[in-house]
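Structural characterization, general
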Amino acid sequence: MKLHVLHENPDWYPPFAAAFDAEGVAHEEWLLGEGSLDLDAEPPQGVFWSRMSASSYTRGHPWAKDHTRAVLCWLEAHGRRVVNGRRVLELEMSKAEQLTALRRAGIAVPRTIAVVGAGPGERARGILDAAGRIGAPFIVKPNQGGKGLGVRRFDSVRELAEHLDGPAWEPPVDGVSLVQEYIRAAEPFITRVEIVGGEFLYALTADTARGGFELCPADACAVPTESIFALRKGFEHPIIERYLAFAAEYGIEIAGFEFIEADDGRILTYDVNTNTNYNPEVDAAAPRSAPRQIARYLTSLLDVEAALASAHVREGR
Ligand SMILES: Nc1ncnc2c1ncn2[C@@H]1O[C@H](COP(=O)(O)OP(=O)(O)O)[C@@H](O)[C@H]1O
Ligand SMILES: [Mg+2]
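Residues numbered from 1 in each chain as written. Chains lettered and ligands numbered in written order. Predicted model: local features only at pLDDT ≥ 70, side-chain atom pairs only at ≥ 80, totals over all residues. Heavy atoms only, no water.

1. Observations regarding the coordination of the magnesium ion (ligand 2)
Distances from the magnesium ion (ligand 2) to its protein donors, namely E258 (OE) and D271 (OD), fall within the range 2.1 to 2.3 Å. One end of the pair, E258, is in strand β12 (residues 254-261); the other, D271, is in strand β13 (residues 267-273), and 13 residues separate them in sequence. A residue is classified by how much of its surface remains accessible, and E258, at 7% relative accessible area, is buried. You can call D271 buried: its relative accessible area is 9%. (Donors = N, O, S within 2.8 Å, 3.2 Å for Na, K, Ca; no water. Helix = DSSP H or I, 4+ residues; strand = E, 2+ residues; numbered from the N terminus. Buried < 20%, exposed > 50% of the residue type's maximum accessible area, 1.4 Å probe, protein only.)

So this is what it looks like as structure tokens:
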């Protein structure tokens, strides 16, 4: 019985493969993006971990999202143990859905208007209207995002109008743009809270004064500068319990929640990463390594599946 890891970017796999090997977990990558799926077939035995990323389309895999939808439905229909399954994929792919769910759970989020239909010309008007309602400064970002791509700050509606008419504007892949209040941070960093298997692991900060908006923590994304990431040592805050309850409610087993402490005292959560990459230096400094903890957690799930399978065999089922 083995662990199957569903994803589309092999560059992000080595730290996890190393942790699985260190824990002695048999594992296999399942790359999604194209290929066939026999709906009459039985899925293999084992535990399945979906690491499908909202930014897969930026790496030449525009169909990875729908491929994963189909595969997860099939796995779940056969009762397979899936970590970060079908429901979680929808959250990963839509910030509008994340923000709505967070808000419903009583977790404060930045004021946001989702605008559908963001092509050139007349249709971009919806984005301008929303920006006028939010007020400057504001952020425009794609609903299906990742790595900070396409996240921009504007200081006026006019600046946005020029941008929408210019060559740098890229209509969002799912047709949905978010216009969001710009959060003025009390200090220039964001905090990311890492959760594995329903447990808080550690928090880290990313320096936004130096890092800008593209904050991918993986080694594969690293630019050769001094790290903008640091462990937020001894982070304790009631928000952690809220994230854990939220994760439990939505069946999110592995995730990183991002928040900013605003200069008016609000703590605003704006991103839920269910495909999370870990910064190696921060991870080494943390009390427990995230990939190692994931490997241990998935091993415990594999043990349960193996016990269930052998019980079925004994009962002759
Ligand atoms: N409303 C906001 N106010 C201020 N900064 C923001 C806001 N939204 C995003 N950012 C900045 O942009 C970065 C990327 O945005 P995010 O929503 O996390 O998108 P992604 O899913 O691409 O990571 C954030 O980590 C933060 O630094
Ligand atoms: Mg983010």
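2. Things to note about the site of ligand 1
The local shell around ligand 1 holds 19 residues, among which K95, K141, G148, E181 and I183 are the closest. Here a nitrogen atom of ligand 1 sits 2.9 Å away from a polar atom, N or O, in the main chain of E181. Within the side chain of Y270, one N or O atom sits 2.9 Å away from an oxygen atom of ligand 1. In the complex, 96% of the free accessible area of ligand 1, which totals 540 Å², lies under the protein chains. Counting only elements with at least two residues in the shell around ligand 1, the list comes to β6 (138-142), β8 (176-181), β12 and β13. A per-class count over the shell around ligand 1 returns nine nonpolar, four polar and six charged. (Near = heavy atom within 4 Å. Polar contact = N/O pair within 3.5 Å; in protein donor to acceptor, adjacent residues only side chain to side chain. Areas by Shrake-Rupley, 256 points an atom, 1.4 Å probe, with all protein chains shown as cover. Nonpolar A, V, L, I, M, F, W, Y, C, P; charged D, E, K, R; others polar.)

3. Concerning the pattern of salt bridges
What the rule picks out here adds up to 22 salt bridges. We note a salt bridge from E8 to R59, for which the minimum N-O separation is 2.4 Å. Highlighted residues: E8 in the loop between β1 (3-7) and α1 (14-23) and R59 in the loop between β3 (47-50) and α2 (64-77), separated in sequence by 51 residues. On the accessibility criterion, E8 (4% relative accessible area) is buried. In this structure, a network of salt bridges that share partners links the residues D66, R69, R86 and E90. (Salt bridge = Lys/Arg side-chain N within 4 Å of Asp/Glu carboxyl O.)

4. So, the sheet that holds strand β7 (residues 152-154)
Spatial strand order, β5-β8-β6-β7: four strands in an open sheet with antiparallel pairing. Looking at which strands have only one partner, the edges of the open sheet turn out to be β5 (112-116) and β7. With strand direction ignored, the average angle separating the axes of adjacent strands in the sheet is 25°. Relative to β8, β5 runs antiparallel, the two being bridged by five bridges. If you follow V115 over to β8, its bridge partner there is S177. (Pairing = 2+ DSSP bridges. Axes fitted to C-alpha atoms, helices over the stretch in contact; angles between N-to-C directions.)

5. Considering the environment of T191
Following the sequence through the fold, T191 ends up in strand β9 (residues 189-196). Of the residues examined, T191 reaches a relative accessible area of 0% and is grouped as buried. When the C-alpha positions of T191 and E90 are compared, they lie 23 Å apart, and in sequence the two are 101 residues distant. Once you skip the residues sitting within four places of it in the chain, T191 turns out to touch A203, L204, T205, R232, F257, E258, F259 and E261. (Contact = heavy atoms within 4.5 Å.)

6. Here we look at the nonpolar core
Of all hydrophobic cores here, the largest spans 36 residues; its most connected members are L3, F20, W49, Y202, Y278, I294 and L298. With seven residues, the top contributor of residues to this core is helix α10 (residues 290-314). Two domains each provide a minimum of three residues to this core, namely domain 1 (3-84) and domain 2 (94-108 + 185-286). If we skip the residues at most four places from it in the chain, I294 touches F16, F20, W49, V196, I254 and Y278. With 26 residues, the next largest nonpolar core counts L99, I195, I239 and F246 among its residues. (Core = buried A, V, L, I, M, F, W, Y, C linked by side-chain atoms within 4.5 Å. Domains from an automatic or database assignment.)

7. Observations concerning the environment of Q45
Within the secondary structure, Q45 is located in the loop between β2 (27-31) and β3. Remark: the alpha-carbon pair of Q45 and R80, spanning 35 residues in sequence, is separated by 7.6 Å. Not counting the four nearest positions on each side in its chain, Q45 is found in contact with M1, K2, H4 and R80.

8. Quick look at the domain arrangement of the protein
Its domain assignment divides the protein into domain 1 (3-84), domain 2 (94-108 + 185-286) and domain 3 (112-181). If you average the C-alpha positions of domain 2 and of domain 3, the two centres end up 23 Å apart. At the interface, twelve residues of domain 2 touch 16 residues of domain 3. Across the domain 2/domain 3 interface, buried area totals approximately 950 Å², and carbon plus sulfur atoms make up 59% of it. Taken together, domain 2 and domain 3 are joined by one salt bridge. Residue R266 is joined to E181 by a salt bridge in which the shortest nitrogen-to-oxygen separation is 2.7 Å. When contributions to the side of domain 2 that touches domain 3 are tallied by element, the ones reaching two or more residues are α4 (95-104) and β13. Tallied by class, the residues present in the side of domain 2 that touches domain 3 amount to eight nonpolar, one polar and three charged. (Buried area = accessible area lost by both parts, 1.4 Å probe.)

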